[in-house]
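Understanding the architecture of this molecule
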Amino acid sequence: MSRLTCEVCAAPVLPLHGACAFCRSPLPATGGEPDGLLNYLMEKLPRGEARRAALNPQRLKRFRVVAASQMFEARLRQGGLELSPQLTPADWVDHLLQALSEDAARDASLRTALSKAGWALR
Ligand SMILES: [Zn+2]
């Protein structure tokens, strides 16, 4: 069985050109549906906003965050992930990190949060 999380930043495996979409460490070019993505983002991005499932508060239904004046949203639907802007999960993370990097240039606390998460700024 393949690894489910990145060894370096503990993100769900989301390979982008053979590297982790978050921290750019090399990853095998396989990755499943990233189930833990919402919880992972919530944990690493305190500025984000999450909605929990009414019957199961452990489970996040939606996560959204504004970065570089753009809304990034991830929803869990019928076991699938629905992303806005509409991209593949790895590309969505890449765009999100690009936008966060822009904000981090002006925001020291965000910069700290991102480097604590181990993510590679763009
Ligand atoms: Zn990683």
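See the structure above.
Structure report, in brief.

Procedures and definitions
Residues numbered from 1 in each chain as written. Predicted model: local features only at pLDDT ≥ 70, side-chain atom pairs only at ≥ 80, totals over all residues. Helix = DSSP H or I, 4+ residues; strand = E, 2+ residues; numbered from the N terminus. Contact = placed C-beta atoms within 7 Å. Core = buried A, V, L, I, M, F, W, Y, C linked by C-beta atoms within 7 Å. Buried ≥ 20, exposed ≤ 12 C-beta atoms within 10 Å, placed from the backbone. Pairing = 2+ DSSP bridges. Axes fitted to C-alpha atoms, helices over the stretch in contact; angles between N-to-C directions.

As for the overall build of the protein
Per the secondary structure count, the protein includes three helices and six strands. In sequence order, the secondary structure elements of the protein are arranged as β-β-α-β-β-β-β-α-α. Viewed in the frame of its principal axes, the protein has a C-alpha envelope of about 40 × 35 × 25 Å. Sequence-distant contacts, at least 24 apart, represent 35% of the contacts inside the protein between residues at least 6 apart.

Comments concerning the nonpolar core
Counting residues in each nonpolar core, the largest one holds 29 residues, and the members touching the most others are Leu14, Cys20, Phe22, Val93 and Leu96. Taken together, the elements giving at least two residues each to this core come down to helix H1 (37–44), strand S4 (60–67), strand S5 (70–77), helix H2 (89–104) and helix H3 (108–117). The dominant element in this core, judged by the number of residues it contributes, is H2, at seven residues. Excluding anything up to four places from it in sequence, Leu96 contacts Ala67 and Phe72.

With respect to the sheet that holds strand S3 (residues 49–52)
Strand order in this open sheet of four strands is S3-S4-S5-S6, and the pairing throughout is antiparallel. At either margin of the open sheet sits one strand with a lone partner, and together these are S3 and strand S6 (80–84). For this sheet, the mean angle separating the axes of adjacent strands, direction not counted, is 10°. Sheet topology note: the S4/S5 ladder contains six bridges and is antiparallel.

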